[in-house]
Amino acid sequence: MPELPDITVYAESLERLLAGAILRQLVLPSIFLLRTVDPPVDALEGKRVIGVQRLGKRVVLTFDRDLFAVVHLMIAGRFKWFPAGARVPMNKLILARFEFDRGTLAITEAGTKRRASLHLLRGAAALAAHDPGGIDPLNCTLDEFAARLQAENHTLKRALTDPSAISGIGNAYSDEILHRARMSPFSMSQKLPAADVAALFAATREVLSEWLARLRAEAGPGLPEKVTAFRPEMAVHGKFKQPCPVCGALVQRIVYADNE
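The present account deals with the structure reproduced in this document. A quick note: this is a predicted structure, and the numbers were derived from the prediction, not measured. (Residues numbered from 1 in each chain as written. Predicted model: local features only at pLDDT ≥ 70, side-chain atom pairs only at ≥ 80, totals over all residues. Heavy atoms only, no water.)

## What to know about the state of the cysteines
Taken as a whole, this structure holds zero disulfides when the rule is applied. Its sulfur unpaired, Cys 244 is 3.7 Å from the next cysteine sulfur, which belongs to Cys 247. With a relative accessible area of 58%, Cys 247 lands in the exposed category. (Disulfide = S-S within 2.5 Å. Buried < 20%, exposed > 50% of the residue type's maximum accessible area, 1.4 Å probe, protein only.)

## Points about the nonpolar core
Grouped together as the largest cluster of nonpolar side chains are 35 residues, with contacts concentrated most on Leu 18, Leu 61, Phe 79, Phe 98, Phe 100, Leu 105 and Leu 118. Sort the elements by how many residues they give to this core and helix H1 (residues 4-18) lands first, with six residues. Not counting the four nearest positions on each side in its chain, Leu 18 is found in contact with Val 49, Leu 61, Trp 81, Phe 100, Arg 102 and Leu 105. If you look at the next biggest cluster of nonpolar residues, it comprises 33 residues, including Val 9, Phe 145, Ala 172 and Leu 200. (Core = buried A, V, L, I, M, F, W, Y, C linked by side-chain atoms within 4.5 Å. Helix = DSSP H or I, 4+ residues; strand = E, 2+ residues; numbered from the N terminus. Contact = heavy atoms within 4.5 Å.)

## Section: helix H3 (residues 142-149)
Residue pairs three or four apart in sequence face the same way in an α-helix, which turns once every 3.6 residues. Turning to H3, its buried residues are Phe 145, Ala 146 and Leu 149. Summarising the axial view, the buried residues of H3 lie within an arc of 95°, below the 170-degree limit, and thus occupy one face. Considering only its buried residues, H3 is in contact with helix H4 (156-161) and helix H6 (194-219). (Arc of directions from axis to C-beta.)

## A closer look at the side chain of His 72
If you trace the backbone, His 72 turns up in strand E4 (residues 67-72). Of the polar contacts made by the side chain of His 72, one reaches the backbone nitrogen of Met 74; its length is 3.2 Å. Apart from residues no more than four positions distant in its own chain, His 72 is found in contact with Met 1, Lys 57, Arg 58, Ala 116 and Ser 117. (Polar contact = N/O pair within 3.5 Å; in protein donor to acceptor, adjacent residues only side chain to side chain.)

## Some points on the layout of surface pockets
Taken as a whole, the largest pocket spans an internal volume of roughly 1,300 Å³. Lining the largest pocket are 45 residues, and of these Lys 157, Asn 171, Asp 175, Asn 259 and Glu 260 lie nearest its centre. At the level of elements, H4 and helix H5 (171-181) are the ones that each hand at least two residues to the lining of the largest pocket. Of the residues contributing to the lining of the largest pocket, the split by class is 21 nonpolar, twelve polar and twelve charged. A volume near 150 Å³ is recorded for the second largest pocket. Put simply, the parts of the chain that give the lining of the second largest pocket at least two residues each are H5 and H6. Residue composition of the lining of the second largest pocket, grouped by class: five nonpolar, one polar and six charged. (1 Å grid on protein atoms, 1.4 Å probe; cavity = no way out; pocket = protein on both sides within 12 Å on 5 of 7 lines; lining within 4 Å. Points joined across faces, edges and corners; volume = space filled by probe spheres on them. Nonpolar A, V, L, I, M, F, W, Y, C, P; charged D, E, K, R; others polar.)

## Looking at the packing of H3 against H6
How two helices pack is summed up by the angle between their axes together with the distance between the axes. Their axes nearest at 10 Å, the elements H3 and H6 cross at an angle of 105°. The orientation of H3 with respect to H6, classified from their angle, is roughly perpendicular. Together, Leu 142, Phe 145, Ala 146 and Leu 149 of H3 and Val 197, Ala 198, Leu 200, Phe 201 and Thr 204 of H6 make up the contact between the two elements. Looking at the contact of H3 with H6 residue by residue, the classes come out as eight nonpolar, one polar and no charged. (Axes fitted to C-alpha atoms, helices over the stretch in contact; angles between N-to-C directions. Parallel < 35°, antiparallel > 145°, perpendicular 65-115°, else oblique.)

## A look at the sheet that holds strand E8 (residues 117-122)
Taken together, four strands build an open sheet; the order of strands is E2-E3-E4-E8 and the sheet is antiparallel. Unpaired on one side and paired on the other, strand E2 (49-55) and E8 mark the two borders of the sheet. Here the strands of the sheet are splayed against their neighbours by 20° on average, with no regard to which way each runs. H1 rests against E2 and strand E3 (58-63) of the sheet, and its axis sits at about 175° to E2. (Pairing = 2+ DSSP bridges.)

## Some details on the pattern of salt bridges
All chains considered together, the criterion is met by ten salt bridges. Among the ionic pairs, Asp 175 bridges to Lys 157, the shortest N-O distance being 2.7 Å. Taken together, the residues Asp 175 in helix H5 and Lys 157 in helix H4 connect sequence positions 18 residues apart. Under the relative-accessibility criterion, Asp 175 is labelled buried at 18%. (Salt bridge = Lys/Arg side-chain N within 4 Å of Asp/Glu carboxyl O.)

## Re the environment of Pro 39
Summarising the element assignment, Pro 39 is placed in the loop between strand E1 (23-27) and E2. The buried category is assigned to Pro 39, whose relative accessible area is 2%. The spatial distance from the C-alpha of Pro 39 to the C-alpha of Leu 120 is 6.3 Å, given a sequence separation of 81 residues. When residues no more than four places from it in sequence are discounted, the contact partners of Pro 39 are Leu 67, Leu 120, Leu 121 and Arg 122.

## Digging into unusual backbone geometry
Put simply, Asp 38 and Pro 39 share a cis peptide bond, and its omega is 5°. Even without glycine at this site, Asp 66 takes up a positive phi of about 65°. Relative to the elements of secondary structure, Asp 66 occurs in the loop between E3 and E4. One non-glycine residue, Lys 241, lies in the positive phi region at around 70°. Of note, Lys 241 is situated in the segment after H6.

See below:
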């Protein structure tokens, strides 16, 4: 699932592509992507994009007249951009087409499970209801981070990935953060000494900042093309039975539900 670095770069790229663009038509080949009924789809047509932002792991397209399109890509959803004049393929992977005056933004989803979602909203209050409430780990203080991390007594893995506590961190980057901090995912948040909380805070900011810089450079001026939770540059996530880059021991794996 795209996490904070990926979603941030998506939002920044879409801002560059779409700021000021007018939506001519929203086409939904898969009506199951849409999870709301009011405002109707045609309410966005003819409206101008005035901004794009990250909301947790969601991307929000802000239109004039206080209208919003909130996209949650989930595990296999992705954005794809087709400049004006380019042929847009008609296949089962494309769940939605935002047809703008300067090109088409498509939402695609690989696989057979349809988990990605689109919510069309009217008003700031409706948008706020979709905010999980977690603090931004790159724009908070150590005290704020500690308060959210230790509000409940969970494993560090769960505390870091709780969207109501900390925004945008999921399975992949929590693994990388914990490895950087040299902490067990099973350590309990309320038993963590103050020095360890500070070290975890530093590791969180380092890892997310490093990946943001890497993904921004990789995307360049266009839309990111290789959005994945499994990257060769990662230290441990997805590296089962491969040597740890720090100590050389083989990376171990714990599987729970759809996560590992």
